[in-house]
Each structure stands twice: as C-alpha cells, then as structure tokens.
Amino acid sequence: MTIHKEGYTTIAITILLIFVINAVVDYKYYDITWLRWFIYIFSAALFIIVLQFFRNPSRQFSAGEGLVICPADGKVVVIEETEEGEYFKDKRLQVSIFMSPVNVQLLFPDHY
C-alpha cells in the first residue's frame with residue numbers, strides 16, 4: 001500500500017498541526033496529565049484517519065468480457081438506466097457505489 005500523491009500536502013499540514021497542538025499542550029498544560037493524554041490520543045487518531053483517507057492499496061483484479069471493474073472501494077448498490085441531460089443528453093447506464101473503507105466481499109463472502 002502506498003500514499004496517493006495528492007495527499008502529501010494534506011499529510012504534511014496534518015503533521016505540522018499535530019506537532020503545534022502537542023507542543024502547546026505540553027508547554028501550557030504540562031501538569032494536567034489527562035488533558036495531555038487526551039490530546040495525544042486525538043492526535044494519533046487524526047493522523048491515522050488522514051493516512052487511511054489517502055491510502056492507495058495495491059489491487060488485483062480479473063479482466064474479461066462481462067466483468068466490470070469498480071472505480072472505488074465499496075459495494076455496487078444500484079445499476080439503472082437514467083436520462084443524462086447535462087453533457088450527453090441521452091440515456092446512460094448509472095452505476096451507484098456505496099463507498100466503504102474495507103472490501104465488504106472479503107468480510108462476508110457468502111452474501112455477495
């Protein structure tokens with residue numbers, strides 16, 4: 001798994017923000033232990049969430065006739081014909097995907 005190149009700036013800003021917040025709390029509130037631990041845990045959670053958002057996992061897929069490759073991690077919930085009037089101005093096939101951070105099929109293989 002790698003980090004997407006668009007996330008480097010956001011990750012750097014997040015690290016800087018976490019560093020500043022932790023330094024201020026350590027300097028001003030060094031005697032309030034519970035507050036420092038709360039900020040440390042919050043900082044770690046924030047960093048993990050930002051990394052999770054910009055992750056770019058390696059994927060293996062099968063190509064073949066009749067197969068559709070999903071452009072996002074998640075579950076295909078609706079495939080329907082719809083009228084697109086902005087660009088193409090005709091009927092198109094719409095694929096709706098419920099995006100999730102994990103591959104649902106790996107967790108519940110009997111249901112999909």
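Use the structure listed above.
The structure displayed is predicted, hence computed values, not measured ones.

So, the environment of Leu-93
You can see Leu-93 is positioned in strand 4 (residues 90-99). Among the residues examined, Leu-93 registers a relative accessible area of 62% and is labelled exposed. Spatially, the C-alpha atoms of Leu-93 and Glu-83 are 8.6 Å apart, while their sequence positions differ by ten residues. Every residue in contact with Leu-93, bar those within four places of it in the chain, is listed here: Ile-79, Glu-80 and Glu-81.

Side note on the side chain of Asn-22
For Asn-22, the position within the fold is in helix 1 (residues 8-28). Its relative accessible area of 17% is what places Asn-22 among the buried residues.

Remarks on the pairing of strand 3 (residues 74-84)
Note: strand 3 against strand 4, ten bridges, orientation antiparallel. Within strand 4, the residue paired with Val-78 across the bridge is Ser-96.

Let's talk about the pattern of salt bridges
Within this structure, the stated rule accounts for three salt bridges. The partner of Glu-81 in a salt bridge is Lys-91, with the nearest N and O atoms 3.7 Å apart. Linking Glu-81 in strand 3 with Lys-91 in strand 4, this pair joins segments that are ten residues apart in sequence. On the accessibility criterion, Lys-91 (55% relative accessible area) is exposed.

Criteria and cut-off values
- Residues numbered from 1 in each chain as written.
- Predicted model: local features only at pLDDT ≥ 70, side-chain atom pairs only at ≥ 80, totals over all residues.
- Heavy atoms only, no water.
- Helix = DSSP H or I, 4+ residues; strand = E, 2+ residues; numbered from the N terminus.
- Buried < 20%, exposed > 50% of the residue type's maximum accessible area, 1.4 Å probe, protein only.
- Contact = heavy atoms within 4.5 Å.
- Pairing = 2+ DSSP bridges.
- Salt bridge = Lys/Arg side-chain N within 4 Å of Asp/Glu carboxyl O.

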